[in-house]
Amino acid sequence: MKIVVRKAIAQEHRVILPKVVDFDAILHPQVRHRGIYEYVVYTSPIGIKGQFRLPRKDSFGEDVVEVQWDKAWFTIGITDLRAITKVDTLIWNGEPSPAYSPGGNINGLLGPGFHTQVALKQEEAGQDKDFSLAINLNGSGGLRFTTVGETTHIKISGDWPHPSFSG
């Protein structure tokens, strides 16, 4: 999540990482053939849910005079956008968010991706906010997750008889 803060002289953005994030992926592999070669591709619905703890204004530093909560947005980074076949609406604190816009919108921190605005209010500072969404991906060669949460859980299941893991 990205929040806009206004200092006495300038405006800047702050990135807030989730307190908890859970990824639940199911891989559906398929063996394909091209000439004498064989390769594996997959489709994967991925459920993502978690929780953000909204920071209090004083956690941004003494030089911050205003936090513009109404300009916050939620960002997902995806390395290869061509892999996306479907993205469900973000559910933020029980409510659907506006449509996604292209781009990670965090100056290259997460790479390409998409983002949407989230409804935050100043009086919610210090509170926990839940989120969830689902993404369907197609891929080959691998599926990687970045552990962005204070606590990150990754569950991957599938029926491929010879999986390999790294990291």
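Residues numbered from 1 in each chain as written. Predicted model: local features only at pLDDT ≥ 70, side-chain atom pairs only at ≥ 80, totals over all residues. Heavy atoms only, no water.

Draft legend 1. Spatial organisation of the overall build of the protein chain. Assigned secondary structure in the protein chain consists of zero helices and 12 strands. Counted from the first residue to the last, the protein chain has its helices and strands arranged as β-β-β-β-β-β-β-β-β-β-β-β. The 167 residues of the protein chain split such that 31% are buried. On the protein chain, roughly 10,500 Å² of surface is accessible, and the fraction owed to carbon and sulfur atoms is 51%. (Helix = DSSP H or I, 4+ residues; strand = E, 2+ residues; numbered from the N terminus. Buried < 20%, exposed > 50% of the residue type's maximum accessible area, 1.4 Å probe, protein only. Areas by Shrake-Rupley, 256 points an atom, 1.4 Å probe, with all protein chains shown as cover.)

Draft legend 2. Summary view of the pairing of strand β10 (residues 113-117). Here β10 lies mainly inside the structure; four of its five residues are buried. Pairing of strand β5 (residues 64-77) with β10, which is carried by five bridges, proceeds in the antiparallel orientation. Of the residues in β10, the one forming a bridge with Trp73 is Gln117. Note that strand β9 (residues 101-102) and β10 share two bridges and pair antiparallel. Among the inter-strand pairings, Pro102 is bridged to a residue of β10, identified as Phe114. (Pairing = 2+ DSSP bridges.)

Draft legend 3. Up close: the packing of aromatic side chains. Counted according to the given criterion, the structure contains seven aromatic pairs. Their ring planes at 45° and their centres at 4.8 Å tell us that Phe23 and Phe145 sit as a pair that is tilted. With Phe23 in strand β3 (residues 20-34) and Phe145 in the loop between β11 (128-140) and β12 (151-158), the pair connects residues that are 122 residues apart, well separated along the chain. With a relative accessible area of 12%, Phe23 lands in the buried category. Following the ring pairs from residue to residue traces out a cluster consisting of Phe52, Phe74, Trp92 and Phe131. (Phe/Tyr/Trp six-rings, centres within 6.5 Å; stacked < 30°, edge-to-face > 60°.)

Draft legend 4. Up close: unusual backbone geometry. Positioned with a positive phi, Asn93 is a non-glycine residue whose angle comes to about 55°. Overall, Asn93 belongs to the partly exposed group, its relative accessible area being 37%.

Draft legend 5. Fine view of a nonpolar patch on the surface. Nonpolar side chains collect at one region of the surface, where Val31, Val40 and Trp160 lie side by side and expose about 210 Å² of accessible area between them. In this fold, Val40 is placed in strand β4 (residues 37-53). (Patch = residues over 30% accessible without salt bridge, like charges linked within 9 Å, V, L, I, M, F, W, Y side chains within 5 Å. Salt bridge = Lys/Arg side-chain N within 4 Å of Asp/Glu carboxyl O.)

Draft legend 6. Inspection of the nonpolar core at higher detail. With 27 residues, the main nonpolar core has Ile48, Phe74, Ile76, Trp92, Phe131, Leu133 and Ile135 as its most contacted residues. Here this core takes six residues from β5, the largest share from any one element. (Core = buried A, V, L, I, M, F, W, Y, C linked by side-chain atoms within 4.5 Å.)

Draft legend 7. Broad picture of the confidence of the model for the protein chain. For the protein chain, the average pLDDT comes to 86, and 89% of its residues sit at 70 or higher. Within the protein chain, the element-level pLDDT minimum falls on strand β1 (residues 2-7), averaging 62, and the maximum on strand β7 (residues 91-92), averaging 96. (pLDDT = per-residue confidence, 0-100.)

Draft legend 8. Spatial organisation of the pattern of salt bridges. Scanning all chains against the criterion turns up five salt bridges. Glu124 serves as the salt-bridge partner of Lys129, at 3.0 Å between the closest nitrogen and oxygen. Note on Lys129: relative accessible area 4%, which makes it buried. Beyond isolated ion pairs, a larger network of salt bridges with shared partners links Lys19, Arg53 and Asp128.

Draft legend 9. Local environment of the environment of Phe145. Taking the C-alpha atoms as reference points, Phe145 and Phe23, separated by 122 residues in sequence, lie 8.4 Å from one another. If sequence neighbours within four positions are ignored, Phe145 has contacts with Phe23, Ala25, Ile46, Ile154 and Ile156. (Contact = heavy atoms within 4.5 Å.)

Draft legend 10. Quick look at the environment of Thr85. Structurally, Thr85 is set in strand β6 (residues 84-87). Once residues within four sequence positions are removed from consideration, Thr85 is found in contact with Asn136, Leu137 and Asn138.

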